[in-house]
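# Architecture at a glance
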Amino acid sequence: MSVRDSQAGPAGTGAPQPRRTLRPDQIKSAAAGVFLANGIANTSLGDIAASLGVARTALYHYYKSKDELLVALIRECAADARHILDGQLRPDATDGNGGDGSAAGRLHDVVRRLVLFAAERPERVRLLDAAAELEPEADRVARELNRSFFADLAALIKEGVDAGVFREVDAGIAAHA
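Residues numbered from 1 in each chain as written. Predicted model: local features only at pLDDT ≥ 70, side-chain atom pairs only at ≥ 80, totals over all residues. Heavy atoms only, no water.

## Topic: the overall build of the protein
Stated formally: Only DSSP runs of H or I with at least four residues qualify as helices, and only runs of E with at least two residues qualify as strands; both kinds are numbered from the N terminus onward. For each residue, the accessible area found with a 1.4 Å probe, counting protein chains only, is set against the maximum for its type, and the residue is called buried under 20%, exposed over 50%, and partly exposed in between. Residue exposure ignores everything except the shown protein chains as possible cover, and the areas themselves are Shrake-Rupley values with a 1.4 Å probe.
Along the protein, the regular secondary structure elements total 8 helices and 2 strands. In sequence order, the secondary structure elements of the protein are arranged as β-β-α-α-α-α-α-α-α-α. Here the protein holds 177 residues, and the buried ones make up 36% of them. Of the roughly 9700 Å² of accessible surface on the protein, a fraction of 54% belongs to carbon and sulfur atoms.

If you want it as structure tokens, here you go:
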């Protein structure tokens, strides 16, 4: 969608800025960086818009508020991590590297893929760690998604413990380690 930035052009010429096409993924990437740089509480939609070189009103075509944008970021990051985990929850899954589908192989693949994901998108993953600063709705969504993710990761670890592949540990604590 093209939007017109209604702010004055460079050096106060009064000329309107050129049309700029925005994509939701561009907005989310910029927002993640600004949230981490300024802190969630200290970031406004105006700050995010400035980092994109557009007027704040341009963002309203995509997100009604900073909180809605933050929740979208959290949901997207959690969905990506969930996809990685879900692919290895079934006992008949393989580890993606020709493994035997054992709990150890599947857990290894989950950890390997999560590390790669975190390395490719560090600003998004670090944003999840900023939960203490989150707005109430974003905090609720983050907690709900984390609870589900770590419960399923703990189930995979417990499967390995029960099969005698891993030593006896508290699977819930190990999932958070």
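## A word on the side chain of R124
Under the convention used in this document: Whether two residues are in contact is decided by their heavy atoms: any pair within 4.5 Å suffices.
With respect to the element layout, R124 can be found in helix 6 (residues 122–129). Judged by its relative accessible area of 5%, R124 is buried. Not counting chain neighbours up to four residues away, the residues in contact with R124 comprise D25, K28, S29, A32, L73, E76 and C77.

## As for the pattern of salt bridges
Here is the rule we go by: The salt bridge definition used is simple: a Lys or Arg side-chain nitrogen within 4 Å of an Asp or Glu carboxyl oxygen.
One pass over the full model with this rule turns up 15 salt bridges. For K28, the salt bridge identified is with E76, shortest N-O distance 2.8 Å. Taken together, the positions of K28 in helix 1 (residues 24–38) and E76 in helix 4 (residues 66–86) put the pair 48 residues apart, joining distant regions of the chain. A relative accessible area of 12% places K28 in the buried class. In this structure, the salt-bridge partner of E144 is R140, at a minimum N-O distance of 2.9 Å.

## Description of the nonpolar core
The tendency in soluble globular proteins is for nonpolar side chains to be buried side by side. Convention followed: Take the buried residues of types Ala, Val, Leu, Ile, Met, Phe, Trp, Tyr and Cys, join any two whose side-chain atoms come within 4.5 Å, and each joined set is a nonpolar core.
Core analysis: the biggest nonpolar cluster contains 28 residues, and L22, I27, F35, I48, L52, L59 and L70 have the highest contact counts within it. The set of elements that each furnish at least two residues to this core consists of helix 1, helix 2 (45–52), helix 3 (56–59), helix 4 and helix 7 (136–162). Sort the elements by how many residues they give to this core and helix 1 lands first, with 6 residues.

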